[in-house]
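# Architecture and fold: a report
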Amino acid sequence: MPDRRVLIIDDEPGLAGLLEASLENEGYEVRLAHTGSAGLSQAESGFDGVVLLDLRLPDVEGLDVLQALLQANPSNRIVIMTAHGSIDAAIEATRRGAYDFLTKTDDLAGRVRVSVKNAFRDREMSGRVSELEEEASAREGFRTLVARSPEMTRVFQTLRHAVDSRVTVLIQGESGTGKELVARALHSGGARGAGPFVALNCAGIPDTLLESELFGHERGAFTGAVTAKKGKFELADGGTIFLDEIGEMSLHLQSKILRVLETREVDRLGGSKPVKVDVRIVSATHRDLEQMVAHGEFREDLYYRLAVFPIRLPALRERQGDVPLLVDHFLRGFAKEEGKDITGVEPEVMDCLESHTYPGNVRELENIISRAVVVSSGPRISISDLPRQVLDATRMRRLGVDDDGTGELTPDLSLDRAFELLFRRTDELPSHEQLEAALIRRALRLVEGDVTRAAELLGLSRPTLYRRLERLGGKDAVLAVAEAHG
Ligand SMILES: Nc1ncnc2c1ncn2[C@@H]1O[C@H](COP(=O)(O)OP(=O)(O)OP(=O)(O)O)[C@@H](O)[C@H]1O
Ligand SMILES: [Mg+2]
């Protein structure tokens, strides 16, 4: 039985020995640690398996040992053993990631055997899942990047030159344009594809934490560093590190990244000697780095090193030609996921989707389709499956009005369209009389009160217009209202 290691961390030698014998009988390879620090050094040397952990240890907090074991190797499964009466601590431990807990009462050995067996099964299952996921994403590679517009074709051509080299690549583009997808494709499609792809989002992480994430730390480098930990640079050795949202990185860390680029070495926090790394850096941002450089918010020297190979992903509205392809791509994906037999979209849906401007880019389109597939009841996506704001925005644009509603009504706009724009709901419609009054006011104002010309404009006889004016309180009253409104 390969990979069936059990580590027992317990300061009661009698009990530990008993469990050891019982588990060895089952074919497990058992190690013993009688103190917390012995347990910690097991974690540090990369113990991989199932751990039986007594929470009450003489030297180190049991919960710290738990944390170290999980941090060092997330596929470890920890079974807590606790004396009768300290259930609260055990529950806290499961909240922090322990797999199971057992109280030290009758037949502990028997219950341990069952729990250890389950823990190994759980490990295998989740290992299989992530393997499958990785396999699937590797297989997809460039294929999942769907595009055929000339704008994106150019991007692909550029990418091809960068794929097999180690040059740093900087991917810029609005949110949702596919920066991460491109970074992954760049990695898996190239010579480093077999190596690791390690992604780190630089936004929203406190500086000190980001630093230890990037460069790792030695045990005891700071409070809470109960065990040594490799940084992302070391983890990405032989592969690619993807620094997402690089524009959010502090100047302090920028200078550290620059050093890595120059020396190809990283210094762990609290470490004494630098570690060599062979890593390709791909970074991404939605911000304008050049402008940040100009404002002194981003180091110029770092910028030039990161952007040896710059790629700008166009916004989706700049490559509307990709929309039908993407719609089809997402439709297939989500229909399969939902187990629905959806064959396409109604023509008017495609019209609408093609004229939308997608402030959220491809991600927005993806969300629209995902939602439409869920709510759709027919074999095709219909207009009512689209979210309200997409329909509204499309309608306004057709009327010649900008997204923010500031556009002008153009003179060639038909009245029907103007009405559509002005009165969206039935309860907003003006009455016939209100409409006529407004029309007369408008005409009178345009011809500066000249009733004869106003009658001509409106296609009425002079007496008719006079009669209407009378009903409205006389010409002067009407004009006064018109002026006040104008
Ligand atoms: N060309 C494409 N073909 C297929 N799917 C795409 C394409 N571009 C983007 N996507 C999908 O759109 C979503 C957003 O892409 P991604 O996360 O790569 O964008 P991003 O530029 O990194 O966005 P952000 O700046 O918000 O992090 C993802 O689900 C991705 O799979
Ligand atoms: Mg991203």
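Residues numbered from 1 in each chain as written. Chains lettered and ligands numbered in written order. Predicted model: local features only at pLDDT ≥ 70, side-chain atom pairs only at ≥ 80, totals over all residues.

### What about the site of ligand 1?
As a matter of local geometry, ligand 1 sits amid 18 residues, with Ser 175, Gly 178, Lys 179, Glu 180 and Val 362 nearest to it. Among the secondary structure elements, those contributing two or more residues to the shell around ligand 1 are helix 7 (179-188), helix 13 (323-338) and helix 15 (361-375). Looking at the shell around ligand 1 residue by residue, the classes come out as 6 nonpolar, 8 polar and 4 charged. (Near = placed C-beta within 6 Å. Helix = DSSP H or I, 4+ residues; strand = E, 2+ residues; numbered from the N terminus. Nonpolar A, V, L, I, M, F, W, Y, C, P; charged D, E, K, R; others polar.)

### Brief notes about the environment of Asp 288
With respect to the element layout, Asp 288 can be found in the loop between strand 13 (280-285) and helix 11 (289-294). Between the C-alpha atoms of Asp 288 and Gly 173, which are 115 residues apart in sequence, the distance is 8.8 Å.

### A short note on the sheet that holds strand 1 (residues 5-9)
Taken together, the 5 strands give an open sheet; going across it, the order is 2-1-3-4-5, and neighbouring strands pair in parallel fashion. Lying at the two open borders of the sheet, with one neighbouring strand each, are strand 2 (29-33) and strand 5 (100-103). With direction set aside, neighbouring strand axes in the sheet form an average angle of 20 degrees. By the bridge criterion, 4 bridges tie strand 1 to strand 3 (residues 50-54) in an arrangement that is parallel. Looking at strand 3, one finds that Val 6 is bridged to Val 50. (Pairing = 2+ DSSP bridges. Axes fitted to C-alpha atoms, helices over the stretch in contact; angles between N-to-C directions.)

### Comments concerning the packing of helix 19 (residues 451-458) against helix 20 (residues 462-471)
The N-to-C vectors of helix 19 and helix 20 enclose an angle of 100 degrees; their axes lie 9 Å apart at closest approach. Viewed along their axes, helix 19 and helix 20 adopt a mutual orientation that is roughly perpendicular. Each of Val 451, Thr 452, Ala 454, Ala 455 and Leu 458 in helix 19 lies in contact with helix 20, whose residues at this interface are Arg 462, Leu 465 and Tyr 466. Grouping the amino acids of the contact of helix 19 with helix 20 by side-chain chemistry returns 6 nonpolar, 1 polar and 1 charged. (Parallel < 35°, antiparallel > 145°, perpendicular 65-115°, else oblique. Contact = placed C-beta atoms within 7 Å.)

### Observations regarding unusual backbone geometry
The phi torsion of most residues other than glycine is negative, and most of the peptide bonds are trans. Residues other than glycine seldom take positive phi values, yet Asn 361 does so here, at roughly 55 degrees. Residue position: Asn 361 is located in helix 15. If you check the backbone angles, Glu 448 has positive phi at about 50 degrees while not being a glycine. By the secondary structure assignment, Glu 448 is in the loop between helix 18 (432-446) and helix 19.

### Concerning the sheet that holds strand 13
Read from one edge of the open sheet, 5 strands run 7-10-13-6-14, paired in parallel fashion. Lying at the two open borders of the sheet, with one neighbouring strand each, are strand 7 (197-201) and strand 14 (309-312). Each strand of the sheet is rotated relative to its neighbour by a mean of 15 degrees, with strand direction disregarded. Relative to strand 13, strand 6 (residues 169-172) runs parallel, the two being bridged by 4 bridges. Each bridged residue has a counterpart across the sheet, and for Ile 171 the counterpart in strand 13 is Ala 284. Together, strand 6, strand 7, strand 10 (240-244), strand 13 and strand 14 form the strand contacts of helix 7, whose direction differs from that of strand 13 by roughly 165 degrees.

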